[in-house]
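Examination of the molecular architecture
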Amino acid sequence: MDEHVIRTYQRAEEVFVAGHGATLVDRDGKEYVDFLAGIAVSALGHAYPPLVEALRDQVGRVVHLSNLFRHPYTEQAAARLAELTGLEASFFTNSGTEANEAALKLARKWQKDQGRPERVSFVALHGAFHGRSMGSLSCTHTEKYRKPFEPLLPVTFVPPDDIDALAAALRTTRPAAFLCEPVQGEGGIRELSSAFLVAARELCDETQTLYVHDEIQCGTGRTGRFLASQWSAVQPDVVTLAKPIAGGLPMGVMVVRNELADVFRPGDHGSTFAGGPLVCRAALVLLDALENGLLDTVQARGAQLRAGLEALARRFPRITEVRGRGLMLGLRLADGAPELQKRLHGLGLLVNCTAGDVIRIVPPFVITEAEVERGLDLLAQGLASLD
Ligand SMILES: *Cc1c(COP(=O)(O)O)cnc(C)c1O
């Protein structure tokens, strides 16, 4: 009965009707270990009791108000984000794309306010994924996503970790902003080096370029710290978050440093739905969990998973690389990644294949030791079946 749904995705055969923790259940009652979390979203797993309780309660109070009115949960969520990121002020959105779109608009307005109205272009990285709206798509590198929609905004792409290429692009094109993902997600779970992030900070300062970290996939605790950039002690001017931030409800946010908090004046930008009481209540449940030990769990389960993947890499020569950090891991294969994904679904393990040759592993943060073990067993079975 899917003929009325526009086919922008190749959907899998399985139909899931329920879940608990990092386990999903299909309509025949078969259980699957969830190493995908709805594309790095469901950080609290499925049917996480404190989230269920908070949402039930909130639905019975008030779901939506619009941004014409204040609400305590919106303000609490923004205050907690300021504390956790070391930045100052939040603009809430309904998705990652919208958070990046806000950052692009902010960058242009900031440059104008600074008396540099000619600085309207952007610099981003090969392999970057920043979203699908006209602005965020312009900064997304993948040719097949871009081509049908050109002309796009002027964006110069440079290779990741190439400090000289970045310096040249910033000095010659004089963009409004430089955007990067500290760990590229769609690009194949590719972690940028600390040296590159540090150099990018200095180059952006030197060239008066706004420095934007897209931590929509790698942030909000996924690597075991609240921001992936905190492993390198690099502070951007703007960070965008989304995917896991409201435990599976649609929410994104752009967080900016103090000096940028007043770039958007009343009327400059907006959203009807964003930052409402329901999603902000969900975000507070996630942020509470992170502050009450969940970041440690991410590190512990991440270490367990990585050790397991490295053992598999020694056993199966098809695996050419284990990548990533915390619970954002990738298994790069010499061949057969799409086929492996399909077989793993059949065996009861949900993963996806990204950048053509990388099995992406981004489970819920609440995944248990036993679920990780079971997932690794299934992965071994899947790999063995390819030989
Ligand atoms: C998913 C993703 C986006 C887009 O987020 P949506 O919520 O799908 O709009 C942008 N940037 C990165 C790094 C992402 O992983």
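Placed above this text is the structure.
Residues numbered from 1 in each chain as written. Predicted model: local features only at pLDDT ≥ 70, side-chain atom pairs only at ≥ 80, totals over all residues. Heavy atoms only, no water.

1. A word on the overall build of the protein
- Scanning the protein from N- to C-terminus turns up 11 helices and 17 strands.
- Whereas a compact globule of 387 residues would reach a radius of gyration of roughly 21 Å, the protein reaches 21 Å, a difference of no more than 12%.
- With respect to the principal axes defined by its C-alpha atoms, the protein has extents near 60 × 55 × 45 Å.
- Expressed as a percentage of its 387 residues, the buried residues of the protein come to 54%.
- Long-range contacts, defined as pairs at least 24 residues apart, comprise 72% of the intrachain contacts of the protein with a sequence gap of at least 6. (Helix = DSSP H or I, 4+ residues; strand = E, 2+ residues; numbered from the N terminus. Rg over C-alpha atoms; globule rule 2.2 N^0.38 Å. Buried < 20%, exposed > 50% of the residue type's maximum accessible area, 1.4 Å probe, protein only. Contact = heavy atoms within 4.5 Å.)

2. So, the pairing of strand 3 (residues 31-34)
- Sheet topology note: the strand 2 (residues 23-26)/strand 3 ladder contains three bridges and is antiparallel. Paired with T23 across the two strands is V33, which belongs to strand 3.
- Connecting the antiparallel pair strand 2 and strand 3 is a turn made up of four residues, with G29 showing a positive phi of about 90°.
- In terms of strand pairing, strand 3 meets strand 15 (residues 349-350) through two bridges, oriented parallel. Paired with D34 across the strands is L350, a residue of strand 15. (Pairing = 2+ DSSP bridges.)

3. A look at the site of the ligand
- Around the ligand, the structure places S95, G96, T97, N100, F129, H130, E181, D214, I216, Q217 and K243.
- At 2.8 Å from an oxygen atom of the ligand is found a side-chain nitrogen or oxygen belonging to Q217.
- For the ligand, whose accessible area on its own is 380 Å², the fraction buried by protein is 81%.
- Grouping the amino acids of the shell around the ligand by side-chain chemistry returns two nonpolar, six polar and three charged. (Near = heavy atom within 4 Å. Polar contact = N/O pair within 3.5 Å; in protein donor to acceptor, adjacent residues only side chain to side chain. Areas by Shrake-Rupley, 256 points an atom, 1.4 Å probe, with all protein chains shown as cover. Nonpolar A, V, L, I, M, F, W, Y, C, P; charged D, E, K, R; others polar.)

4. What to know about helix 10 (residues 337-347)
- A337, L340, L344 and H345 are the residues of helix 10 that are buried. When helix 10 is viewed along its axis, its buried side chains cluster within an angular range of 140° and face the same direction.
- Here the buried face of helix 10 lies against strand 3, strand 14 (328-333), strand 15, strand 16 (352-354), strand 17 (358-361) and helix 11 (369-386).
- Remark: G348 follows helix 10 within two positions and exhibits a positive phi of approximately 100°. (Arc of directions from axis to C-beta.)

5. Description of the packing of helix 2 (residues 49-59) against helix 9 (residues 277-315)
- Where helix 2 contacts helix 9, the axes come no closer than 10 Å and their chain directions differ by 155°. In terms of orientation, helix 2 and helix 9 fall into the roughly antiparallel class. Judged by the sense of rotation from one axis to the other, the crossing of helix 2 with helix 9 is right-handed. Residue-level inspection shows P50, L51, A54, L55, D57, Q58 and V59 of helix 2 in contact with helix 9, the latter providing P277, L278, R281, A282 and V285. (Axes fitted to C-alpha atoms, helices over the stretch in contact; angles between N-to-C directions. Parallel < 35°, antiparallel > 145°, perpendicular 65-115°, else oblique. Left-handed = near helix turned anticlockwise from the far one by under 90°.)

6. Some words on helix 9
- Between its terminal C-alpha atoms helix 9 stretches only 49 Å, short of the 57 Å expected from 39 residues at 1.5 Å a residue.
- For helix 9, the principal kink sits at G293 and spans about 70°. (Expected span 1.5 Å × (residues − 1). Bend = angle between axes of the 7 residues up to and from the residue.)

7. What about the environment of R323?
- Residue placement: R323 occurs in strand 13 (residues 319-325).
- Judged by relative accessible area, which is 13%, R323 ranks as buried.
- C-alpha separation for the pair R323 and Q208, spaced 115 residues apart in sequence, amounts to 33 Å.
- The contact partners of R323, leaving out residues within four places of it in the chain, are G188, I189, R306, M328, L329, G330, R332 and V358.
- Side chain to side chain, R323 and E321 meet in a polar contact 3.3 Å long.

8. Some words on the packing of helix 10 against helix 11
- Look at helix 10 against helix 11: their axes get within 9 Å of each other, and the N-to-C directions meet at 130°. With respect to each other, helix 10 and helix 11 are oriented oblique. Remark: the crossing between helix 10 and helix 11 carries right-handed chirality. Touching E339, L340, R343, L344 and L347 of helix 10 are L378, L379, Q381, G382, L383, S385 and L386, all from helix 11.

9. A short note on the nonpolar core
- Counting residues in hydrophobic clusters, the biggest one holds 66 residues, and the most contacted among them are L309, L312 and I361.
- Top contributing element to this core by residue count: helix 9, with 17 residues.
- The residues that make up this core include at least three from each of domain 1 (16-48 + 293-386) and domain 2 (51-289).
- Membership of the second largest hydrophobic core comes to 23 residues, among which are F91, W110, F157 and L179. (Core = buried A, V, L, I, M, F, W, Y, C linked by side-chain atoms within 4.5 Å. Domains from an automatic or database assignment.)

By themselves, these figures tell us nothing about what the structure is for.
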